[in-house]
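# A structural walkthrough
Chain by chain, the residues:
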Protein chains: 2
Amino acid sequence: MSDDRPVGEAVEDYTKAIYSLERRGDVVSPVSTNELAARLGVSAGSASAMVKKLDGLGLATHEPYHGVRLTDAGARVALEVLRHHRLLELFLMQELGLPWDRVHAEAEVLEHVLSEELEACIAAKLGHPATDPHGDPIPTHDLSVPESTTSSLEECPVGARGRFVRVSDADPEMLRYLAARDIRPGQDFAVVERQPFGGPTFATFADDDAVHPLGGELARAMRVELEPA
Amino acid sequence: MSDDRPVGEAVEDYTKAIYSLERRGDVVSPVSTNELAARLGVSAGSASAMVKKLDGLGLATHEPYHGVRLTDAGARVALEVLRHHRLLELFLMQELGLPWDRVHAEAEVLEHVLSEELEACIAAKLGHPATDPHGDPIPTHDLSVPESTTSSLEECPVGARGRFVRVSDADPEMLRYLAARDIRPGQDFAVVERQPFGGPTFATFADDDAVHPLGGELARAMRVELEPA
DNA sequence: GTGCGAGTTTAGCCTCGCCTCAACCTCGTC
DNA sequence: GACGAGGTTGAGGCGAGGCTAAACTCGCAC
């Protein structure tokens, strides 16, 4: 085990993508070549070729015509990169004051280049944090992730209360929108009203009385933990 | 001006190498293909090809059979990378506690990847420092370098006093040796004795009475500013 | 002035990593 | 059992960078 011979950036990106696609639903399930291709913005042929390569590398198992799934080794690669990404996001924000909506792009490139030694220094400096600025859990040094079950804000009935725990880091627009309103993961929230037919959800955050309208797409991206009713 | 289309890492490395070779002597002079090839550990043919490419890119002027020199644009590329490198070295040491002898290797890879925005954040965080941990001057944001004239410790006559200002960051062995003896750039020194025929130089540093023997190679790598006699 | 060798350049070729297009194959459904 | 959506394969391209070997300069030594 522990082959660890260096692996191109593309391999890391594919692995990361498979990891995330595998657990879209509530259960880990194989990922189709096309989904993968779409996610990464490449042709189906490219994805197919890369999947074959990952299989050869022992990072994934490819059942032709039936999708791909990561092996344990593959999951480790994905989690390693994820750990880098999230540590970097937090680090860039907290230590260097980079704006919330820009840390993702920076981390996206640095994650592939961060040495283990530097990773360790950063983790130590940050006090081995459990989540990044978006509320996403940071895999621990031994690459385990405490996956909590969350629901999206859009599913919460009017009157629900709980804690806003995370939001995807992928869309800077959303992040700017939330940042401009001082809405951050970790805050308590309450759903005040929802308009029908995919209309906005109205909610309050923290101890602030202001009611914020949150469009469908946004409400869907915001993950919350409901207060045990 | 300001073409700035992305340029491979190799281009940055060659540019950096030319920059440093150009000013080995006291005066900026053309660099031969062979020197360049040797410095970078590639064949003469490869170096020649790359030099031609740099010329095409407007980063260098190549006088066939007579060497290459950087254009202003080329020097800017080199200084930009140098700035990245040295800021990173200082940052890694000061903020992340990486050991002195290891920051160079880390910086060597990160320097090619650092965005301008991050560079600015790091510089600000460090208070826009003038030198890195090895005593090398950090090019300013507008890419000027205050080059001071130094001599090597090896040239200093017995009895000379002054300040140890810098040492090459390239050899981790040397750095470990110096670090283990608490010898650092910025300290005052005095040459106590020298043995003939390339023998060691004996010197004291800071307010410490300990006399340290410094082999020829090491003494040659240590740059000092002599006290105005 | 010529000759010769060290230093340069050129030419041809290779590897690696990744991508595309287009043709072809499979699976599951009707 | 045929059809179409989706998956796979193969041929090929491209950029970056490197290597060898042969051909060519330049300029010093005679």
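These figures come from a predicted structure and were not determined experimentally.

Cut-offs used in this document
Residues numbered from 1 in each chain as written. Chains lettered and ligands numbered in written order. Predicted model: local features only at pLDDT ≥ 70, side-chain atom pairs only at ≥ 80, totals over all residues. Heavy atoms only, no water. Phe/Tyr/Trp six-rings, centres within 6.5 Å; stacked < 30°, edge-to-face > 60°. Helix = DSSP H or I, 4+ residues; strand = E, 2+ residues; numbered from the N terminus. Buried < 20%, exposed > 50% of the residue type's maximum accessible area, 1.4 Å probe, protein only. Salt bridge = Lys/Arg side-chain N within 4 Å of Asp/Glu carboxyl O. Near = heavy atom within 4 Å. Polar contact = N/O pair within 3.5 Å; in protein donor to acceptor, adjacent residues only side chain to side chain. Nonpolar A, V, L, I, M, F, W, Y, C, P; charged D, E, K, R; others polar. Domains from an automatic or database assignment. Core = buried A, V, L, I, M, F, W, Y, C linked by side-chain atoms within 4.5 Å. Contact = heavy atoms within 4.5 Å. Buried area = accessible area lost by both parts, 1.4 Å probe. Pairing = 2+ DSSP bridges. Least-squares fit on C-alpha atoms with pLDDT ≥ 70 in both. Expected span 1.5 Å × (residues − 1).

## Here's the deal with the packing of aromatic side chains
Scanning the model with the defined rule gives five aromatic pairs over all chains in all. With 6.1 Å between their ring centres and 70° between their planes, F91(A) and F91(B) make a pair best called edge-to-face. Of this pair, F91(A) sits in helix α4 (residues 72–94) while F91(B) sits in helix α4 (residues 72–94), placing the two residues on different chains. Accessibility assignment for this pair places F91(A) and F91(B) in one class, buried. Centre to centre, the rings of F164(B) and F205(B) are 6.1 Å apart; their planes meet at 70°, and the pair counts as edge-to-face. With F164(B) in strand β4 (residues 161–167) and F205(B) in strand β6 (residues 201–205), this pair connects stretches of sequence that are 41 residues apart.

## Describing the pattern of salt bridges
Enumeration over the complete set of coordinates arrives at 24 salt bridges over all chains. One salt bridge connects R176(B) with D101(B), and the closest N-O pair in it is separated by 2.3 Å. Here R176(B) is found in helix α7 (residues 172–180), whereas its partner D101(B) is found in the loop between α4 and α5 (103–110), with 75 residues between them in sequence. The network of salt bridges with common partners includes K16(A), E108(A) and E111(A).

## As for the protein's contact with DNA strand C
Residues in contact with DNA strand C amount to 21 residues; listed here are only the nearest, S43(A), S46(A), S32(B), T33(B) and H62(B). Backbone atoms, meaning sugar and phosphate, form 82% of the atoms of DNA strand C found within 4 Å of the protein. With respect to DNA strand C, the backbone of A10(A) contributes an N or O atom lying 3.1 Å from a phosphate oxygen. Contact between DNA strand C and H62(B): a phosphate oxygen at 2.5 Å from a side-chain N or O atom of the residue. Those elements giving two or more residues to the surface near DNA strand C turn out to be α1 (9–22) and α3 (44–56) of chain A together with α2 (33–40) and α3 (44–57) of chain B. Looking at side-chain class alone, the surface near DNA strand C contains eight nonpolar, 10 polar and three charged residues.

## Topic: the domain arrangement of chain A
Domain annotation of chain A identifies domain 1 (9–70) and domain 2 (151–226). Of note, the centres of domain 1 of chain A and domain 2 of chain A, computed from C-alpha atoms alone, are 31 Å apart.

## As for the nonpolar core
As a rule of thumb, soluble globular proteins bury nonpolar side chains together. F91(A), L96(A), I122(A), F91(B), L96(B) and I122(B) are the most contacted members of the largest nonpolar core, which totals 35 residues. Elements supplying a minimum of two residues to this core: α4, α5 (103–110) and α6 (116–125) of chain A together with α4, α5 and α6 (116–125) of chain B. Non-local contacts of I122(B), meaning those with residues more than four positions away in its chain, are made with L96(A), L87(B), L88(B), F91(B) and L114(B).

## As for the side chain of H134(A)
All names here are of chain A. Topologically, H134 is positioned in the loop between α6 and β3 (151–152). At 3.0 Å, the side chain of H134 forms a polar contact with the side chain of E89. Within the structure, H134 has its side chain in polar contact with the side chain of W100 (distance 3.4 Å).

## A few points about the interface of chain A and chain B
Listed per partner, the contact involves 17 residues of chain A and 17 residues of chain B. Between chain A and chain B lies a buried interface of about 1,500 Å² when both sides are counted; carbon and sulfur atoms form 67% of it. By the criterion of area lost to chain B, the three top residues of chain A are L96(A), E117(A) and L118(A), representing 33% of everything that side buries. Joining chain A to chain B, the criterion identifies two salt bridges. Viewed at the interface, chain B and chain A are joined by six residue pairs in polar contact (both at pLDDT 80 or more). Put simply, the parts of the chain that give the side of chain A that touches chain B at least two residues each are α4, α5 and α6 of chain A. It is α6(A) that provides the largest number of residues to the side of chain A that touches chain B, a total of five residues. The class makeup of the residues in the side of chain A that touches chain B is 11 nonpolar, one polar and five charged.

## Some details on the pairing of strand β8 (residues 222–226) of chain B
All names here are of chain B. Two elements, strand β3 (residues 151–152) and β8, share two bridges in a ladder whose sense is antiparallel. Bridged to S152 within β8 is R223. Summarising the sheet, β4 and β8 pair through five bridges and their orientation is antiparallel. Residue pairing in the sheet places R163 in a bridge with E225 of β8.

## Focus: the relation of the copies chain A and chain B
Each copy superposes on the other: chain A lies on chain B with an RMSD of 0.1 Å after a rotation of 180° and an axial shift of 0.0 Å. Classification of the inter-copy transformation places it as that of a two-fold axis. Taken together, the interface assignments show that 100% of the residues at the interface of chain A recur at the interface of chain B, consistent with an identical surface on both copies.

## Description of α4(B)
Here α4(B) contains 23 residues, and its C-alpha end-to-end distance of 32 Å stays within 8% of the 33 Å for a straight helix at 1.5 Å per residue. α4(B) sits mainly inside the fold: 17 of its 23 residues count as buried.

## Brief notes about the protein's contact with DNA strand D
Not every one of the 20 residues close to DNA strand D is listed here, only the nearest: T33(A), N34(A), H62(A), S43(B) and S46(B). Take the atoms of DNA strand D that sit within 4 Å of the protein: sugar and phosphate atoms are 81% of them. Note that a phosphate oxygen of DNA strand D is positioned 2.6 Å from one of the side-chain N or O atoms of T33(A). Those elements that place two or more of their residues in the surface near DNA strand D are α2 (33–40) and α3 of chain A together with α1 (9–22) and α3 of chain B. Tallying contributions element by element places α3(A) first for the surface near DNA strand D, with four residues. Grouping the constituent residues of the surface near DNA strand D by class yields seven nonpolar, 10 polar and three charged.

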